[in-house]
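Remarks on the overall topology
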Amino acid sequence: MSTTRPYPPGDRGHEPSGASGVSGSSQEDAPAGAAMAAATGAAASSAPPSRTDAGAVETPRGRQVRRLGLEGASGVVPLARDFTRQALYDWGWLPAAGADQRAAAEDVLLVVSELVTNACLHAEGPDELALACDNKVIRLEVTDRGTGQPAPRTPHRAGRPGGHGMFIVQRLCLDWGVVRAQGRPGKTVWAELGAPA
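The present account deals with the structure reproduced in this document. (Residues numbered from 1 in each chain as written. Predicted model: local features only at pLDDT ≥ 70, side-chain atom pairs only at ≥ 80, totals over all residues. Heavy atoms only, no water.)

Structural notes on the overall build of the protein
Of regular secondary structure, the protein possesses four helices and seven strands. Helices and strands in the protein line up, N terminus first, as α-β-β-β-α-α-β-β-α-β-β. Residues counted as buried form 45% of the 197 residues belonging to the protein. When contacts within the protein are restricted to residue pairs at least 6 apart in sequence, long-range pairs at least 24 apart make up 57% of them. For the protein, the accessible surface area stands at approximately 9,700 Å², while carbon and sulfur atoms represent 52% of it. (Helix = DSSP H or I, 4+ residues; strand = E, 2+ residues; numbered from the N terminus. Buried < 20%, exposed > 50% of the residue type's maximum accessible area, 1.4 Å probe, protein only. Contact = heavy atoms within 4.5 Å. Areas by Shrake-Rupley, 256 points an atom, 1.4 Å probe, with all protein chains shown as cover.)

Here is the structure:
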């Protein structure tokens, strides 16, 4: 699994896994929001997306994107988890029909918690959480203004407190990475998880 990408999330190039089901040309100069639109196919269709609620966009292909502004908010980790949980209900991941679906939803909530917590601890706090879902993959993006580079702590020491966040992300996700903001401080840390079977 990668920890950094020279291109935005969703532009997986010629990776053989095809886990995201998305490929396309690199958009290195595009801001994180444009990268999310490209990754979810929202920009690929000529039909305009339709608003389904205040934070959601459903594209003509059935992919959905939700965004939550976190800049200056308090209690951002529970706020992000609640926002994600509601999206999972709306997208049919919850209530879980079985153990696999319940585990997949809990993994998504855990990864959101870890990414937002890392932005709080190491990057001056998160600016935005973006979620995109199709029938195969859910993509999580946390944008911040920090200059640090998230990476799993090596060697990973399970018995010690702290330092487990990116190790957890690496273990639970199909892929994850970092896209640097162009012309300003900041980055988007993204992760992809498979939808329940």
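More follows now that the structure is in view.
A word on the packing of helix H3 (residues 99-122) against helix H4 (residues 165-172)
To describe two helices that pack against each other, one gives the angle between their axes and the distance between the axes. The geometry of H3 relative to H4 is characterised by a closest axis approach of 9 Å and an angle of 145° between their N-to-C directions. The two elements H3 and H4 meet at a crossing, and its hand is left-handed. In contact with Asp107, Leu110, Val111, Glu114, Leu115 and Asn118 of H3, H4 contributes Gly165, Met166, Ile168, Val169 and Leu172. (Axes fitted to C-alpha atoms, helices over the stretch in contact; angles between N-to-C directions. Left-handed = near helix turned anticlockwise from the far one by under 90°.)

Here we look at the nonpolar core
By size, the foremost hydrophobic cluster in this structure holds 33 residues, and its most contacted members are Leu115, Leu129, Ile138 and Leu140. Mapped onto this core, the elements with two or more residues apiece are helix H2 (76-90), H3, strand E4 (126-133), strand E5 (137-144), H4, strand E6 (175-180) and strand E7 (187-194). With nine residues, the top contributor of residues to this core is H3. Excluding its chain neighbours within four sequence positions, the residues that come into contact with Leu129 are Arg66, Arg67, Leu68, Leu70, Ala80, Phe83, Thr84, Val112, Glu141 and Val142. (Core = buried A, V, L, I, M, F, W, Y, C linked by side-chain atoms within 4.5 Å.)

Structural notes on the pattern of salt bridges
Applying the stated criterion across every chain, the model contains eight salt bridges. We note a salt bridge from Arg67 to Glu128, for which the minimum N-O separation is 3.3 Å. Of this pair, Arg67 sits in strand E3 (residues 64-69) while Glu128 sits in strand E4, and the two are 61 residues apart along the sequence. Where Glu192 meets Arg139, a salt bridge forms, and the shortest distance between an N and an O atom there is 2.4 Å. Of the two residues, Glu192 is situated in strand E7 and Arg139 in strand E5; the sequence distance between them amounts to 53 residues. (Salt bridge = Lys/Arg side-chain N within 4 Å of Asp/Glu carboxyl O.)

A word on the packing of H2 against H3
Where H2 meets H3, the axes come as close as 9 Å, and the angle between the chain directions of the two elements is 150°. Accordingly, the angle class assigned to the pair H2 and H3 is roughly antiparallel. When the axes of H2 and H3 are compared, the crossing they make is right-handed. Counting all contacts with H2, which are made through Val76, Val77, Ala80, Arg81, Thr84, Arg85 and Leu88, the residues of H3 involved are Ala105, Glu106, Val108, Leu109, Leu110, Val112, Ser113, Val116, Thr117 and Cys120. Here the residues of the contact of H2 with H3 are counted per class, giving eleven nonpolar, three polar and three charged. (Parallel < 35°, antiparallel > 145°, perpendicular 65-115°, else oblique. Nonpolar A, V, L, I, M, F, W, Y, C, P; charged D, E, K, R; others polar.)

A word on the side chain of Ser113
Among the secondary structure elements, Ser113 is positioned in helix H3. Residue contacts for Ser113: discarding those within four places in its chain leaves Val77 and Arg81.

As for H4
Among all positions of H4, only Gly165, Met166 and Val169 are buried. One side of H4 holds all its buried residues, which, seen down the axis, span an arc of 90°. (Arc of directions from axis to C-beta.)

Focus on the pairing of E7
For E7, a buried count of seven out of eight residues is recorded, marking the element as mostly surrounded by other parts of the structure. With eight bridges connecting them, E5 and E7 associate as antiparallel partners. Bridging from a neighbouring strand, Asp144 pairs with Lys187 of E7. Pairing between E6 and E7: six bridges, direction antiparallel. Across the sheet, the residue bridging to Trp176 is Ala191, located in E7. (Pairing = 2+ DSSP bridges.)

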